[in-house]
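Notes for the structure review
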Amino acid sequence: MASNFDFLSTTVLKHLQHSAKEAETFALAKPRQACFSARFVLEQCVEWLYGHDSVFGYPYGSLMDKIKSDAFREEFSRPLLEKMKLVVQKGNKAAHDAYPPSQTESYQVIVDLHHVLYKVAQLYSDDDTTPLNIPFSNKHIPPELPDPDLTKEQLANYQKKLNQRAEELATANNQVQALKKELDATKKEQQQWQEEHQ
C-alpha cells in the first residue's frame, strides 16, 4: 500500500521510513499508538540531526529541550518548530493521559510529522532525489480497524519494542559512519599517492 512516507526511501532519513509508515497506519485506527509512534520517529530524527550536524552542538535535556534550543530556532522556521512541538506534546499525552488522543489529533500529528521529515530530508539530502513538493494525501491513511487502541500498559510494552528498534538504528548508523570514514580515508590515501606519482 502506498504511503505518504514513501519518499523517505531515497533520503538521508530512509532509516525512519518503517517507523513513520507504522505511525501512519495507526492514524485513525489507534490514535494513542499513532501519536506515540510519531513522537518516537521525531525523536530519532532529532537524534540524527544532532549526530550529523555540528551546528546543534552536544545534545542535552529532553526531546523538547533539544527542539527549543537556540540552534534549532536558527536552523528551522517557527512554523516547523511548532509542528515538532505538537508531535512531542501529543506523543506525551498518548503515553501518560488516561484518555487517548482523538482521531483529529492523531491525524494532525501524522500530517505534521510528514511535513517535518520532508523538510529535514530536503535540507540534508546531498542530491536532488527529494522532490520539491510532496503534499500529504489522506488517501494513504488506512481506515479504522476493528482492533481496539492500546491501553497505557500495552503502550509501555510497545515502548520497549521501539527502544529496541532505536538501539538497532543507532548501531546500524554507527556502522555506516565507520564505513564512511574508512572510505574517506582510502580516497585520501589514493589522492595522495596520485599526487606523489604524477
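First, a word on scope: everything that follows refers to the structure included in this document. (Residues numbered from 1 in each chain as written. Predicted model: local features only at pLDDT ≥ 70, side-chain atom pairs only at ≥ 80, totals over all residues. Heavy atoms only, no water.)

1. As for the overall build of the protein
Put simply, the rule is: Working definition: helices are DSSP H or I runs of at least four residues, strands are E runs of at least two. Numbering for both runs from the N terminus. Any two residues having at least one pair of non-hydrogen atoms within 4.5 Å are treated as being in contact. Every accessible area reported is derived by Shrake-Rupley at a probe size of 1.4 Å, with residue values counting cover from the shown protein chains alone.
When helices and strands are counted, the protein shows seven helices and zero strands. Long-range contacts, defined here as pairs at least 24 residues apart, represent 68% of the contacts in the protein between residues at least 6 apart. For the protein, the computed accessible surface area is about 11,600 Å², with 50% contributed by carbon and sulfur atoms.

2. Details of the packing of helix 2 (residues 31-52) against helix 5 (residues 78-96)
Going by this rule: To define axes, lines are fitted to C-alpha atoms, for helices over the stretch in contact only, and angles between the resulting N-to-C directions are given on a 0 to 180 degree scale. We call two directions roughly parallel when the angle between them is under 35 degrees, roughly antiparallel when it is over 145, roughly perpendicular when it lies between 65 and 115, and oblique otherwise. Should the near helix be turned counterclockwise from the far one by less than a right angle, the crossing is left-handed, whereas a clockwise turn marks it as right-handed. The classification used treats Ala, Val, Leu, Ile, Met, Phe, Trp, Tyr, Cys and Pro as nonpolar, Asp, Glu, Lys and Arg as charged, and all other residues, Gly among them, as polar.
One can describe the packing of helix 2 onto helix 5 by two numbers: an axis separation of 8 Å at closest approach and a directional angle of 130 degrees. Classified by the angle between their axes, helix 2 and helix 5 sit oblique to one another. Crossing of helix 2 against helix 5: the hand is left-handed. Residues Arg 32, Cys 35, Phe 36, Ala 38, Arg 39 and Leu 42 of helix 2 touch helix 5, and the partners they reach there are Met 84, Val 87, Val 88, Lys 90, Gly 91, Asn 92, Ala 94 and Ala 95. Within the contact of helix 2 with helix 5, the residues separate by chemical class into nine nonpolar, two polar and three charged.

3. A word on the pattern of salt bridges
Heads up, the condition is: Whenever Lys or Arg places a side-chain nitrogen within 4 Å of a carboxyl oxygen from Asp or Glu, that contact is recorded as a salt bridge. Partly exposed describes any residue whose relative accessible area lies between the buried limit of under 20% and the exposed limit of over 50%, with all areas from a 1.4 Å probe on protein chains only and scaled to the type maximum.
According to the stated counting rule, one finds eight salt bridges in the structure shown. Of the charged contacts in the structure, one is a salt bridge between Lys 66 and Glu 47, with a shortest N-O distance of 2.5 Å. Of this pair, Lys 66 sits in helix 3 (residues 63-67) while Glu 47 sits in helix 2, placing them 19 residues apart in sequence. Accessibility expressed as a relative area gives 10% for Lys 66, which makes it buried. Note on Glu 47: relative accessible area 33%, which makes it partly exposed. Shared partners join several salt bridges into a network, and the residues in it are Lys 90, Lys 93 and Glu 105.

4. Points about the environment of Lys 14
Considering the arrangement of structural elements, one finds Lys 14 in the segment before helix 1 (17-25). The spacing of Lys 14 and Ala 121 is 107 residues in sequence and 9.0 Å in space, taken between C-alpha atoms. Ignoring anything within four residues of it in the chain, the contact list for Lys 14 reads Leu 8 and Ser 9.

5. Some remarks on the packing of helix 5 against helix 6 (residues 103-124)
At a minimum axis distance of 9 Å, the contact between helix 5 and helix 6 shows a crossing angle of 135 degrees. As the angle between them shows, helix 5 and helix 6 are arranged oblique. Remark: the crossing between helix 5 and helix 6 carries left-handed chirality. Only Glu 105, Gln 108, Val 109, Asp 112, Leu 113, His 115, Val 116 and Lys 119 of helix 6 make contact with helix 5, whose side of the interface consists of Leu 80, Lys 83, Met 84, Leu 86, Val 87, Lys 90 and Lys 93.

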